[in-house]
Amino acid sequence: MNLTHGHFLVMVTISSFCISTTKSLSTRSVFLRAVQPRSTSASTALKMSSSTSSQTKFSISNRAIQTLDPCVILMKQIISQHEEKWKDDGIYSLAQGVVHWKPPQTVYEALANAVQENLDENKAIAGGDGAIIHTYCPDEGYPPLLASLKLKLEQQNGLQSPHVMVTSGANQAYVNCVITLMDEVDGGSNHEEESSQEMISKCVVFEPYYFNHVMAIQSVRGGNNCGGMASTEDSKSNAEGLLVGPTQQGRPDLTWLKSRLEEYKRPSGSNGIRIVTIVNPGNPTGVALSHSFLKEIAQLTKKYGVWLVMDNTYEHFDIHRNNRDEENPNIPYPCLDDEHIIHIFSFSKGYAMAGFRTGYLAFSSKNGSEGKGTIAYEQMLKIQDTIAICTSRISQMAALGALEAGREWVNKQVQTLDVGRNAILEAMSSLEEIIGGTGAMYIMGKLPNSTDDKQFASSLVEHFGVAVIPGSFCGYPGWIRVCYSNLPPELCLEAASRLKRGILELTNK
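Residues numbered from 1 in each chain as written. Predicted model: local features only at pLDDT ≥ 70, side-chain atom pairs only at ≥ 80, totals over all residues. Heavy atoms only, no water.

Some thoughts on the sheet that holds strand β3 (residues 202-206)
The seven strands are arranged β2-β10-β9-β8-β7-β3-β4 in an open sheet whose pairing can be described as mixed. Of all the strands in the sheet, the pair left with one neighbour each is β2 (163-167) and β4 (242-245). Here the average twist between neighbouring strands, direction ignored, is 20°. As paired strands, β3 and strand β7 (residues 273-279) are joined by three bridges and run parallel to one another. Bridging from a neighbouring strand, Val204 pairs with Val276 of β7. Across the sheet, helix α9 (residues 169-181) is in contact with β2, β3, β7, β8 (307-311), β9 (341-346) and β10 (359-363); its angle to β9 comes to roughly 160°. On the sheet, helix α14 (residues 372-387) packs against β2, β8, β9 and β10 and is oriented at approximately 25° with respect to β2. (Pairing = 2+ DSSP bridges. Helix = DSSP H or I, 4+ residues; strand = E, 2+ residues; numbered from the N terminus. Axes fitted to C-alpha atoms, helices over the stretch in contact; angles between N-to-C directions. Contact = heavy atoms within 4.5 Å.)

Below is the structure:
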């Protein structure tokens, strides 16, 4: 029995590697079958944790059990169930947030040069960068990349001399923030007068939320009841570390936020809320917030002594330049340079480098060693060293190559999305309400009342050959999230046609 279980774990590991390196449908199907137990893990894991024998009991972390299942994998499972039916025409995915283009040529050139230097004995003896691609680099990142990122952040984002930390994707960057900034017990609370629930430090997200942000808080923040489906209704009782706020047409409700910041204010001057999380342009909303709106959030969080984590993964996808700073119009995507703000960036979207797993964090260096940003950066290096030590050196070299192509290269690629975005907007036009289309690569649509969005998404795959993300995975049941960037224009037009037909038939219009 132990041997069989061990073989299963090996199969998952090997298949995970295969799925990341090939587009083979047969490989993908093996992978999906291998991980299927994880999608039904909550009940199974609970049984395993509670079962006993005469001698032993094996437990699984309650935090892991109650963390949301990864919805992209669940959607891939649904796709795999119907691949045979659609083997001739194919299933078009409008689910996962990826882009249809490849990385710039400069990425491949950087990789080739690094490998060639590694093979060159003379350069290997000299110890050039390419000769040590197999070694660790500093925790904070590959020095040449750090230097280029600091220049980019100054010129393109308006951040002056920031501290920079390279991470294994933007998701790891966010996990770093949660671990560094949050406690299971809020040290600023009065433990004798407050319940254990109120003592737990909080992180604010706004629904519809990015599921991996919620998963990060659930899985590492701690507490006895980490979550399951997070929502505004149960954000205090069931999600503990989460406070889930409402939005209006994709814009966070600042009246709600102010009332919560006031509610969790401590006599000591600290706040029970540690982090407010904003994604701009929004995932899953597809809404780009204005610069003045972001300033308002920054001022509010600063007033109450709360960290603001800004996820700028989609900085290249601010379609109408909503985040334009009239005082500094030449900065392509301005970011607010305050001590209490931590910025997250990624190479996965604009530069199409999702598989390289390279993101980065920027912290303010104002007030030197006494500054809040500097202190957070220094403490986070401990977390970085524990989780990843450092991002893969070869991936960082590839990222350096991407920066050589520059923002203009990305802008040209983003322009190819206009056709697909307009087609998807038209395909969803019969729905009661639509949000998005002004930023990132998403549009959300509201289904008729009482419609099960998960079943709706499954039916779209089975009967119409097109995949979307159910809104339930984003805390928005009864909605769907549609991504228009993962297919080239001509295929996105076909996918939009299928989506339109599916929406009309499944909603009886």
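Resuming the write-up.
Some points on the packing of α9 against α14
In a pair of packed helices, the angle between the axes and the distance between the axes together describe the arrangement. At a closest axis distance of 9 Å, the pairing of α9 and α14 adopts a crossing angle of 120°. The element α9 and its partner α14 pack so that their crossing is right-handed. Contacts between α9 and α14 involve Gln172, Val175, Asn176, Cys177, Ile179 and Thr180 from the former and Ala376, Gln379, Met380, Ile383, Gln384 and Ile387 from the latter. In terms of residue class, the contact of α9 with α14 is built from seven nonpolar, five polar and no charged. (Left-handed = near helix turned anticlockwise from the far one by under 90°. Nonpolar A, V, L, I, M, F, W, Y, C, P; charged D, E, K, R; others polar.)

Digging into the packing of aromatic side chains
For the structure shown, the criterion picks out 11 aromatic pairs. Measuring from centroid to centroid gives 5.8 Å for Phe206 and Trp256, while their planes differ by 75°, and the two rings are edge-to-face. Here Phe206 is found in strand β3, whereas its partner Trp256 is found in helix α12 (residues 254-263), with 50 residues between them in sequence. Each member of the pair, Phe206 together with Trp256, is buried. An aromatic cluster is present here, built from Phe345, Phe347, Tyr351, Tyr360 and Trp409 joined pairwise through their rings. (Phe/Tyr/Trp six-rings, centres within 6.5 Å; stacked < 30°, edge-to-face > 60°. Buried < 20%, exposed > 50% of the residue type's maximum accessible area, 1.4 Å probe, protein only.)

Re the environment of Ser369
Here Ser369 lies in the loop between β10 and α14. Each residue touching Ser369, except ones within four places of it in the same chain, is listed here: Thr374 and Ile375.

A few points about the sheet that holds strand β15 (residues 479-483)
Read from one edge to the other, the open sheet built from four strands follows the order β11-β12-β15-β14, with strand pairing classed as antiparallel. Only two strands of the sheet have a single partner each, and these edge strands are β11 (433-436) and β14 (469-470).

A few points about the pattern of salt bridges
For the structure on display, the rule yields 11 salt bridges. Between Lys152 and Glu315 there is a salt bridge, with its nearest N and O atoms 2.8 Å apart. Here the residue Lys152 occupies a position in helix α8 (residues 143-157), and Glu315 occupies one in the loop between β8 and β9, the gap between them amounting to 163 residues. Assessed through its relative accessible area of 3%, Glu315 is described here as buried. (Salt bridge = Lys/Arg side-chain N within 4 Å of Asp/Glu carboxyl O.)

Describing unusual backbone geometry
Residue Pro208 is reached from Glu207 by a cis peptide bond, and omega for that bond is 0°. Position of Pro208 relative to the elements: it lies in the loop between β3 and α11 (211-221). Asn283 connects to Pro284 through a cis peptide bond whose omega is 15°. By the element assignment, Pro284 lies in the loop between β7 and α13 (291-303). The phi torsion at Arg321 lies on the positive side, around 55°, for a residue other than glycine.

So, the nonpolar core
Counting residues in hydrophobic clusters, the biggest one holds 79 residues, and the most contacted among them are Leu94, Ile424, Met428 and Leu499. Of all hydrophobic cores here, the second largest spans 28 residues; its members include Ala173, Val205, Leu361 and Ala376. (Core = buried A, V, L, I, M, F, W, Y, C linked by side-chain atoms within 4.5 Å.)

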